[in-house]
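Notes for the structure review
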Amino acid sequence: MRDPAENHALIEAADAFARERLSEKRYDHTVRVADTAEDLARIHGLDLARTRLAALLHDAARETEPGEYLRLAEEWGLPAGEPERQSPKLLHGPVAAELGRRELGVEDQEVLDAVKVHTVGAAGMGPLALALYVADKIEPARDYPSVGRIRDLARRDLREAAAESLRRAISYNEGRSREIHPASREMLEWLEEPERAAHRGV
Ligand SMILES: [Fe+2]
Ligand SMILES: [Fe+2]
């Protein structure tokens, strides 16, 4: 994004795009995530418009048919491993990022990457992607036992909030013998690295 007017136009376009592609329920979630992500961006000194744009796009492809996810992934050369073949909706982030680029003309790679990795996460993600990842987990309608703690952490430290959210999701899935996406494990390892370094006195 090159200037504020362009930011504004892209935000309007992404909002309309999400609204037309999603049920009311999921569009409302999208707007809550956008508001939450923008709050986090304000607290952590990130670009508000770029963060909002990523949030408005994040679930835009969430109501696609399973076969269509796989067809688009194939057509656009998006990586789809075993977890994605088992559960094609895992592709809704990469597909939404690609739609943002192709249909709305979003060129901002940090915005597109944030959209792409918001579902399963990724090691090494940037601050904007972390803000979106966390906002998706703590938007006001989210209601699970540790959400209050993650909301508090998010105001202080996005990495800590994301790590706590991942630990919770991983133990929840392990308790139900559900597969954990390798990218989620890699993200948690990456987030915990400085902690381990601190314990070693590095
Ligand atoms: Fe999503
Ligand atoms: Fe979402």
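Residues numbered from 1 in each chain as written. Chains lettered and ligands numbered in written order. Predicted model: local features only at pLDDT ≥ 70, side-chain atom pairs only at ≥ 80, totals over all residues. Heavy atoms only, no water.

1. Observations concerning the coordination of the iron ion (ligand 2)
The iron ion (ligand 2) binds to the protein through His29 (NE2), His58 (NE2), Asp59 (OD) and Asp136 (OD); the donor distances cover 2.2 to 2.3 Å. In primary-sequence terms, the residues that donate to the iron ion (ligand 2) follow H-x28-H-D-x76-D. Separating the iron ion (ligand 2) and the iron ion (ligand 1) is a distance of 3.6 Å, and aspartate 59 donates to both of them. Residue histidine 29 is found in helix H2 (residues 24-44), and its partner aspartate 136 is found in helix H8 (residues 127-138); the two are separated by 107 residues along the sequence. Here histidine 29 falls in the buried class, since its relative accessible area comes to 8%. (Donors = N, O, S within 2.8 Å, 3.2 Å for Na, K, Ca; no water. Helix = DSSP H or I, 4+ residues; strand = E, 2+ residues; numbered from the N terminus. Buried < 20%, exposed > 50% of the residue type's maximum accessible area, 1.4 Å probe, protein only.)

2. Examining helix H7 (residues 109-117)
Looking at H7, one finds that the buried residues are Val111, Leu112, Ala114, Val115 and Val117. As for H7, its buried residues are in contact with helix H3 (48-57), helix H6 (92-103) and H8. (Contact = heavy atoms within 4.5 Å.)

3. Some details on the coordination of the iron ion (ligand 1)
For the iron ion (ligand 1), every protein donor is listed as Asp59 (OD), His92 (NE2) and His118 (NE2), and the spread of their distances is 2.1 to 2.2 Å. Here the donor residues of the iron ion (ligand 1) share one chain and are spaced in sequence as D-x32-H-x25-H.

4. Examining the packing of aromatic side chains
Tallying each qualifying case throughout the model produces zero aromatic pairs. Above the face of the tryptophan 190 ring, arginine 159 is positioned so that its terminal group lies 4.5 Å from the ring centre. (Phe/Tyr/Trp six-rings, centres within 6.5 Å; stacked < 30°, edge-to-face > 60°. Lys NZ or Arg CZ within 6 Å of the ring centre and 35° of its normal.)

5. Points about the layout of surface pockets
There is about 1300 Å³ of room inside the largest pocket. Lining of the largest pocket is provided by 35 residues; of these, Lys89, Leu90, Thr119, Lys137 and Asn173 occupy positions nearest its centre. Taken together, the elements giving at least two residues each to the lining of the largest pocket come down to H2, helix H5 (82-86), H8, helix H10 (158-175) and helix H11 (182-199). Here the element with the most residues in the lining of the largest pocket is H10; it accounts for seven residues. Residue composition of the lining of the largest pocket, grouped by class: 11 nonpolar, 10 polar and 14 charged. Taken as a whole, the second largest pocket encloses approximately 400 Å³ of empty space. (1 Å grid on protein atoms, 1.4 Å probe; cavity = no way out; pocket = protein on both sides within 12 Å on 5 of 7 lines; lining within 4 Å. Points joined across faces, edges and corners; volume = space filled by probe spheres on them. Nonpolar A, V, L, I, M, F, W, Y, C, P; charged D, E, K, R; others polar.)

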